[in-house]
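Here is how the chains run, residue by residue.
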Amino acid sequence: MQKNFKPHPNSFKNTFCIFNEVLPNEIEGLKKQFESKAGSTYYYTEAGMYRVSNHWGRLANSKWRLIAREPETESKTKIGFAAWNEFYPDNAEEKLYYIEADFEKNLANYQHKKNPQYDGKAVLRTSFETAKRLKQIRNLQQLTSWAKYFDYDDIADLRKQIINELIFTEKSLEEIKREI
């Protein structure tokens, strides 16, 4: 029988966390310990938290993201797991976030500075500044109309150059474009 592990109710307020999708067998035999008004269910263990939900991202006062399995599961409702030490503090004032880009998959996302993979090279920004930069990066990744003002051989190389400047410097997008 599962030992009842219950974290303090305020331990998730103002947190950033990345959950990894797991299969339903991971929560078999676990006792549901909380259900939110939005219908998400939570299972707590000594190792961490399982969350079953059809919505991820900004949640009330927290930022919780799910990394889906590959290949992705069919269901819209996903089960995510995160260890307790993967919940990091979040607030609007501190420079807590950095951006990372995956040029092969043409994706970009933000990460917390307490992430063990953070190497200190990407510029840290507040959540507002990070969201603004991330929007610029995603526009560069998904659109091509901006490129007509440049003389280039390969748009992928041009994208990578501009995106890296946005991630690793404090320069504005306009400054970067002017320098190129």
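So, how was this worked out
- Residues numbered from 1 in each chain as written.
- Predicted model: local features only at pLDDT ≥ 70, side-chain atom pairs only at ≥ 80, totals over all residues.
- Heavy atoms only, no water.
- Core = buried A, V, L, I, M, F, W, Y, C linked by side-chain atoms within 4.5 Å.
- Buried < 20%, exposed > 50% of the residue type's maximum accessible area, 1.4 Å probe, protein only.
- Helix = DSSP H or I, 4+ residues; strand = E, 2+ residues; numbered from the N terminus.
- Domains from an automatic or database assignment.
- Polar contact = N/O pair within 3.5 Å; in protein donor to acceptor, adjacent residues only side chain to side chain.
- Contact = heavy atoms within 4.5 Å.
- Buried area = accessible area lost by both parts, 1.4 Å probe.
- Salt bridge = Lys/Arg side-chain N within 4 Å of Asp/Glu carboxyl O.
- Nonpolar A, V, L, I, M, F, W, Y, C, P; charged D, E, K, R; others polar.
- Phe/Tyr/Trp six-rings, centres within 6.5 Å; stacked < 30°, edge-to-face > 60°.
- Lys NZ or Arg CZ within 6 Å of the ring centre and 35° of its normal.

J.: Is there a simple way to think about the nonpolar core in this case?
T.: Note that soluble globular proteins tend to have their nonpolar side chains buried in a common cluster. Residues I137, L140, W146, I162 and L166 are the most contacted members of the largest nonpolar core, which totals 24 residues. If you list the elements that add at least two residues to this core, you get β1 (15–22), β9 (97–102), β10 (107–112), α1 (127–142), α2 (155–168) and α3 (173–179). Of all the elements, α2 adds the most residues to this core, at five residues. There are two domains that each give this core at least three residues, and those are domain 1 (15–89) and domain 2 (97–179). Membership of the second largest hydrophobic core comes to eleven residues, among which are C17, Y44, W64 and A82.

J.: Please explain the side chain of T169 as it appears in this structure.
T.: Take T169: it is sitting in the loop between α2 and α3. At 3.2 Å, the side chain of T169 and the backbone nitrogen of K171 are in polar contact. Setting aside residues no more than four positions away along its own chain, T169 makes contact with V123, R125, R133 and N164.

J.: Explanation requested: the environment of I67 in the structure shown.
T.: Positionally, I67 belongs in strand β6 (residues 62–67). Spatially, the C-alpha atom of I67 lies 8.1 Å from that of G80, the residues being 13 residues apart in sequence. Apart from the residues within four sequence positions on either side, I67 is in contact with I18, F19, N20 and E21.

J.: I would appreciate a short explanation of the domain arrangement of the protein chain in the present structure.
T.: When the parts come together, some accessible area is lost, and that loss is often what is quoted as the size of the interface. Under the domain assignment, the protein chain is made up of domain 1 (15–89) and domain 2 (97–179). Domain 1 and domain 2 are separated by 28 Å when their C-alpha centres are compared. Opposite the seven residues of domain 1 that make contact, domain 2 presents ten residues. Note on domain 1 versus domain 2: buried area summed over both sides is about 780 Å², and carbon and sulfur give 50% of it. Across the contact surface, domain 1 and domain 2 share one salt bridge. Residues K105 and E70 are paired through a salt bridge, measuring 3.1 Å at the closest nitrogen-oxygen approach. Linking domain 1 with domain 2 are four residue pairs in polar contact (both at pLDDT 80 or more). When contributions to the side of domain 1 that touches domain 2 are tallied by element, the ones reaching two or more residues are β1, β6 and β8 (88–89). Looking at the side of domain 1 that touches domain 2, its residues break down into four nonpolar, no polar and three charged.

J.: How should I be thinking about the packing of aromatic side chains in this particular structure?
T.: The geometry of an aromatic ring pair is captured by the separation of the ring centres together with the interplanar angle, meaning the angle of the planes. For the structure on display, the rule yields 18 aromatic pairs. A centroid spacing of 5.8 Å and a plane angle of 20 degrees characterise the contact between F12 and W84, whose relative ring orientation is stacked. Placement of the pair is F12 in the segment before β1 and W84 in the loop between β7 (78–83) and β8, with a sequence separation of 72 residues. Relative accessible area serves as the criterion here: at 23%, W84 is assigned to the partly exposed category. Taking the centre distance of 5.5 Å and the plane angle of 70 degrees together, the rings of F16 and Y97 count as edge-to-face. Of the two residues, F16 is situated in strand β1 and Y97 in strand β9; the sequence distance between them amounts to 81 residues. The burial state of F16 is the same as that of Y97; both residues are buried. Every member of this aromatic cluster is reached through a ring pair, and the members are F12, F19, F34, Y42, Y44, W56, W64, W84 and F87. The positively charged end of R51 is found above the aromatic ring belonging to W56, 4.4 Å away from the centroid. Positioned above the aromatic ring of Y110 is the side chain of R65, whose terminal nitrogen or guanidinium carbon lies 4.9 Å from the ring centre.

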